[in-house]
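Letter by letter, the chains look like this.
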Amino acid sequence: MALGVRAAPFTYVAHALAVAAAAMVLVWAIHFRGGLAIEATNKNLIFNVHPVLMLIGFIIIGSEAIMVYKVFPTLHHDTAKLIHLILHGIALVLGAVGIYFAFKNHNESGIANLYSLHSWIGIGTITLYGIQWIFGFVTFFFPGAAPNLRKSLLPWHILFGLFVYILALANAELGFLEKLTFLESGGLDKYGTEAFLVNFTALVVVLFGASVVISAITPARLEEPQGYAPIPES
């Protein structure tokens, strides 16, 4: 049953929330956590690169890849497909780099790796994302499967892509929760400004993800119902 709504309004909401989420995670990392660094004696600055890249580089750019067909519905299909592929590729690379910085922080701080549910799901998600990208490249781009096979595989490609995307969103929420719990156990005020910022950022990410998913499953334009004809002007 059709929802009777177009994707466009949800893409507008998603973009507004993406800007808000990006700004909030940068304020958290730079203002409250001290900034970002590739190399530093303060290993927390190295870790700060992780949430910034995972949210802005992985989730937000990946979301743009999902929405490209709905943001530009009149764009030539092959062009939209190429943009979709490139944006997902960028998101995959930045997500992998973001995970690298988490490992780098742990290794240089003497912290164990892969001990939490967040880390397990994170490795699984980036792996599935990579498999999805390779599958899409080989099937729909180069060398490309036969037209009938592409048509039959497309719904599964979309469904699996949304599953991986929702998994990434859920794991981002776990990451915010894990980090905030760790900070609060170290003395951070549970009702302080930073705690509220982290929780509100996580909430904005949930709303952002919901907007992206809804835009992905709603049509770019409303089609006239079968048998319907507009009232003639004369």
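Residues numbered from 1 in each chain as written. Predicted model: local features only at pLDDT ≥ 70, side-chain atom pairs only at ≥ 80, totals over all residues. Heavy atoms only, no water.

Looking at an unreviewed UniProt entry, the protein chain carries the name Cytochrome b561 domain-containing protein, with the source organism given as Urochloa decumbens. Its UniProt record gives the protein chain the following Subcellular location (unreviewed entry) comment, quoted word for word: "Membrane". According to UniProt, the comment filed for the protein chain under the heading Function (unreviewed entry) is "Two-heme-containing cytochrome. Catalyzes ascorbate-dependent trans-membrane electron transfer by utilizing a concerted H(+)/e(-) transfer mechanism." (UniProt positions renumbered as here; feature names shortened; annotations may be inferred.)

Novice: What is the right way to read the UniProt feature "domain: Cytochrome b561" (unreviewed entry) in the protein chain from this model?
Specialist: Cross-referencing UniProt, the feature "domain: Cytochrome b561" (unreviewed entry) maps to residues 13-217 in the present numbering. Each end of residues 13-217 is marked by a C-alpha atom, and these two atoms are 15 Å apart; helix forms 83% of the span and strand 0%. (Helix = DSSP H or I, 4+ residues; strand = E, 2+ residues; numbered from the N terminus.)

Novice: How should the UniProt feature "transmembrane region" (unreviewed entry) in the protein chain be read in this particular structure?
Specialist: Under the local residue numbering, the UniProt record ascribes the feature "transmembrane region" (unreviewed entry) to residues 12-32, 52-72, 84-103, 115-142, 154-176 and 196-217. From the first C-alpha to the last, residues 154-176 spans 33 Å; its make-up is 100% helix and 0% strand. The span residues 196-217 carries 100% helix and 0% strand; its end-to-end C-alpha distance comes to 32 Å.

Novice: Whenever I open this one, helix H6 (residues 147-185) confuses me. Can you help?
Specialist: Residues spaced three or four apart along an α-helix face the same direction, because each turn holds 3.6 residues. Over its 39 residues, H6 runs 56 Å from end to end, which matches the ideal 57 Å to within 8%, given 1.5 Å per residue. At leucine 153, H6 shows its largest kink, close to 35°, and the proline proline 155 lies no more than four residues downstream. Glycine 187 lies just past H6 and shows a positive phi near 115°. (Expected span 1.5 Å × (residues − 1). Bend = angle between axes of the 7 residues up to and from the residue.)

Novice: Can you help me understand the packing of H6 against helix H7 (residues 193-217) in this one?
Specialist: Between two packed helices, both the angle of their axes relative to each other and the distance between the axes serve to describe the pair. For the pair H6 and H7, interaxial distance at closest approach is 10 Å and the crossing angle is 175°. As the angle between them shows, H6 and H7 are arranged roughly antiparallel. Counted by class, the contact of H6 with H7 contains 17 nonpolar, three polar and three charged residues. (Axes fitted to C-alpha atoms, helices over the stretch in contact; angles between N-to-C directions. Parallel < 35°, antiparallel > 145°, perpendicular 65-115°, else oblique. Nonpolar A, V, L, I, M, F, W, Y, C, P; charged D, E, K, R; others polar.)

Novice: Please clarify how the pattern of salt bridges should be interpreted in this entry.
Specialist: Two side chains that carry opposite charge are able to pair once their charged atoms sit near each other. Following the criterion strictly, the structure yields four salt bridges and no others. Glutamate 194 is the salt-bridge partner of arginine 33, the closest N and O atoms lying 2.7 Å from each other. You can see arginine 33 sitting in the loop between helix H1 (8-32) and helix H2 (43-47) and its partner glutamate 194 sitting in helix H7, a full 161 residues away along the chain. In this structure glutamate 194 comes out as buried when scored by relative accessible area, which is 6%. Note that glutamate 108 is salt-bridged to lysine 43, the shortest N-O span being 2.9 Å. With glutamate 108 in helix H4 (residues 77-109) and lysine 43 in helix H2, the pair connects residues that are 65 residues apart, well separated along the chain. A relative accessible area of 23% places lysine 43 in the partly exposed class. Each of Glu39, Lys43, Lys104 and Glu108 takes part in one network of salt bridges that share partners. (Salt bridge = Lys/Arg side-chain N within 4 Å of Asp/Glu carboxyl O. Buried < 20%, exposed > 50% of the residue type's maximum accessible area, 1.4 Å probe, protein only.)

Novice: Help me understand the nonpolar core, please; the structure alone is not making it clear to me.
Specialist: Buried together is how nonpolar side chains tend to be arranged in soluble globular proteins. Of all hydrophobic cores here, the largest spans 37 residues; its most connected members are Leu55, Phe58, Ile59, Tyr165 and Phe208. At nine residues, H7 tops the list of elements feeding residues into this core. Excluding anything up to four places from it in sequence, leucine 55 contacts Ala21, Val25, Ile60, Phe176, Thr201 and Val205. (Core = buried A, V, L, I, M, F, W, Y, C linked by side-chain atoms within 4.5 Å. Contact = heavy atoms within 4.5 Å.)

Novice: What is the right way to read the side chain of threonine 11 from this model?
Specialist: Note on placement: threonine 11 falls in helix H1. For threonine 11, a relative accessible area of 3% translates into the label buried. Residues contacting threonine 11, with those up to four places away along its chain left out, are Met67, Lys70, Val71 and Ser215.

Novice: Is there a simple way to think about unusual backbone geometry in this case?
Specialist: Each neighbour pair has its own omega, and for phenylalanine 142 with proline 143 the value is 0°, a cis peptide bond. Following the sequence through the fold, proline 143 ends up in the loop between helix H5 (117-141) and H6. For leucine 114, which is not glycine, the phi torsion reads 55° and is therefore positive. Mapped onto the elements of the fold, leucine 114 is located in the loop between H4 and H5. Given a relative accessible area of 41%, leucine 114 falls into the partly exposed group.

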